[in-house]
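Commentary on secondary and tertiary structure
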Number of protein chains: 2
Amino acid sequence: MIASSNAGAEKEIEDPVEQMLKKTGCIELHYQVECIAEHQDWRKCQNEVKNCKMVIVVRSDLFMGKGKTAAQCAHAALECCRQTFNNKKKRLMFESWLRCGQPKIVVKIPNEEELLILADKAERAGLITAIIKDAGITQLKPGTVTVVGIGPGSNETIDSLTSKLRLL
Amino acid sequence: MIASSNAGAEKEIEDPVEQMLKKTGCIELHYQVECIAEHQDWRKCQNEVKNCKMVIVVRSDLFMGKGKTAAQCAHAALECCRQTFNNKKKRLMFESWLRCGQPKIVVKIPNEEELLILADKAERAGLITAIIKDAGITQLKPGTVTVVGIGPGSNETIDSLTSKLRLL
């Protein structure tokens, strides 16, 4: 899945914009943000060309223990990752994020309602979004929404939705 | 990466054992364990044909907070997942695990030395193993070993190494 260099090279031959960007040395920067797919020019997307991150948002009203919380967050990170498998733009963002050291921030939100509103906003903003429901074998009722994973995506877009949430 | 059905179908045409197993309705079971690759007969691997899981082992001597722990565990789960991208047998185990609801267990271990010994045993047992070192931007020194992810793998193999560790 990660080995996309050949596919990329084929596309560059077909696409004169990508050929030109490769010559300027800016092709990686070009691929970092989805904004560029729309504008076809990375210079129009300076606000978007920032480092990227993943934010995992945990419900604080469930009082989950440390292990339970960790397992739910791991689940969210994996589901976000899986969403990048069959989408070229998302995969490129995922690869950029891996190169940055895959930063993950874990924050808290007071309840399910606020979590679902946030998840909806994230999806509307075009961000990778994964809502996790617990299987309910231990501690929680089956189907309880526990966390939402957002990203990887550009810091700026994610911050616009999550910067007011406090670290867990 | 997940869309392996076509590749599998091509192989079945070439491999009479797999053709036969498909007819019996046992092909998925057949693929669940690496043992079968050796024996070419799932009936010889009954001890291995069990549900699978991932265990994430957290150092308790670092006294990481809930958010820090969750981020490290998410990192471990993703690294384990990435190891399955380019390995057919590991990928099949990963897919079985996804179908089981991707169970993850988070346990604790007293210190780095014991964690590294466990990781070494897991690797020698042929399990997917990912040792995570913290970037050290907050709380910990750069390069501190924080957690190890083991699996997805068969319950029996993983339990033989981790069953004595307590839940976090």
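Remember, predicted model here, so these are calculated numbers, not experimental data.

Quick look at the overall build of chain A
The helix and strand inventory of chain A stands at 8 helices and 4 strands. Listed N to C, the secondary structure of chain A is α-α-α-α-β-α-α-β-α-β-β-α in terms of helices and strands. Carbon and sulfur atoms make up 50% of the accessible area of chain A, which amounts to about 8600 Å² in all.

Considering the relation of the copies chain B and chain A
Take chain B, turn it by 180°, move it 0.1 Å along the axis, and it overlays chain A with an RMSD of 0.2 Å. Between the two chains, the operation in question is that of a two-fold axis. Take the interface residues of chain B: 100% of them recur as interface residues in chain A, which is what a same-surface contact looks like.

A look at helix H8 (residues 155–162) of chain A
Residue and element names in this part refer to chain A. Every buried residue of H8 is listed here: Thr157, Ile158 and Thr162. Buried residues of H8, seen end-on, are gathered within an arc of 110° and therefore sit on one face of the element. In this structure, the buried side of H8 is in contact with strand E1 (52–59), helix H7 (112–124) and strand E4 (145–154).

Describing the sheet that holds strand E3 (residues 129–133) of chain A
Residues and elements named next belong to chain A. What the 4 strands build is an open sheet, ordered E2-E1-E4-E3; its pairing is mixed. The open sheet has two edge strands, strand E2 (104–109) and E3, and neither has a second partner. Recorded for the sheet is a direction-independent mean angle of 20° between the axes of neighbouring strands. Pairing geometry for E1 and E4, over 6 bridges, is antiparallel. By the bridge assignment, cysteine 52 is partnered in E4 with serine 154. Relative to the sheet, H8 contacts E1 and E4, its axis offset from that of E4 by approximately 145°.

What to know about the state of the cysteines
Following the criterion strictly, the structure yields 0 disulfides over all chains and no others. Of the cysteine sulfurs around Cys73(A), a residue in no disulfide, the closest is that of Cys73(B), at 8.8 Å. On the basis of relative accessible area, Cys73(A) is assigned to the buried category, the value being 0%. No disulfide involves Cys80(B); its nearest neighbouring cysteine sulfur is the one of Cys81(B), lying 8.7 Å away.

A few points about the interface of chain B and chain A
Opposite the 27 residues of chain B that make contact, chain A presents 27 residues. Overall, the association of chain B and chain A removes approximately 2300 Å² of surface from exposure, summing both partners, and the carbon and sulfur fraction of that is 71%. At the junction of chain B and chain A, the tally comes to 0 salt bridges. Taken together, chain B and chain A are joined by 6 residue pairs in polar contact (both at pLDDT 80 or more). Considering each element in turn, the side of chain B that touches chain A owes the most residues, 13 residues, to helix H5 (residues 66–82) of chain B. Counted by class, the side of chain B that touches chain A contains 16 nonpolar, 7 polar and 4 charged residues.

Focus: the nonpolar core
Among the nonpolar cores identified, the biggest contains 52 residues, and Ile56(A), Val147(A), Ile56(B) and Val147(B) are the most heavily contacted of them. Secondary-structure elements contributing two or more residues to this core are E1, helix H5 (66–82), helix H6 (88–99) and E3 of chain A together with strand E1 (52–59), H5, helix H6 (88–99) and strand E3 (129–133) of chain B. Look past the residues within four positions of Val147(A) in its chain and what remains in contact with it is Ile56(A), Val57(A), Val58(A), Met64(A), Gln72(A), Cys73(A), Ala76(A), Leu115(A), Ala130(A), Ile131(A) and Ile132(A).

Basis of the calculations
- Counting restarts for each chain: residues are numbered from 1 in the order of the written sequence.
- Both sets of labels track the order of writing: A upward for chains, 1 upward for ligands.
- Restriction of local features to residues with pLDDT of at least 70 applies here, the model being predicted, together with a cutoff of 80 or more for giving and counting side-chain atom pairs; totals for whole chains, interfaces and linings are based on all residues.
- Hydrogens and water molecules were not included; the side-chain quantities draw on all heavy atoms of the structure.
- Where helices and strands are cited, they refer to DSSP runs of H or I of at least four residues and of E of at least two residues respectively, numbered from the N terminus.
- For every accessible area listed, the method is Shrake-Rupley and the probe measures 1.4 Å; residues are considered covered only by the protein chains on display.
- The copies were overlaid with a least-squares fit restricted to C-alpha atoms from residues scoring a pLDDT of at least 70 in each copy.
- Whether two residues are in contact is decided by their heavy atoms: any pair within 4.5 Å suffices.
- For every residue, the accessible area obtained with a 1.4 Å probe (protein chains only) is divided by the maximum for its type, and the residue is called buried under 20%, exposed over 50%, and partly exposed between those limits.
- Here, the arc refers to the directions that run from the helix axis to the C-beta atoms.
- Strand pairing is assigned whenever DSSP detects at least two bridges linking the two strands.
- Axis lines are fitted to C-alpha atoms, over the contacting stretch for helices. Their N-to-C directions set the angle, which ranges from 0 to 180 degrees.
- Cysteine sulfur atoms that pair up within 2.5 Å are treated as a disulfide.
- Each of two parts loses accessible area, computed with a 1.4 Å probe, when they are put together; buried area is these two losses added.
- Each reported salt bridge corresponds to a side-chain nitrogen of Lys or Arg within 4 Å of a carboxyl oxygen of Asp or Glu.
- Here a polar contact is recorded for every N or O atom pair within 3.5 Å, except that within protein the pair must consist of a potential hydrogen donor and a potential acceptor, and residues adjacent in sequence are included only if both atoms are side-chain atoms.
- In this classification, Asp, Glu, Lys and Arg are treated as charged, Ala, Val, Leu, Ile, Met, Phe, Trp, Tyr, Cys and Pro as nonpolar, and every other residue, Gly included, as polar.
- To define a nonpolar core, start from buried Ala, Val, Leu, Ile, Met, Phe, Trp, Tyr and Cys residues and group those joined through side-chain atoms within 4.5 Å.

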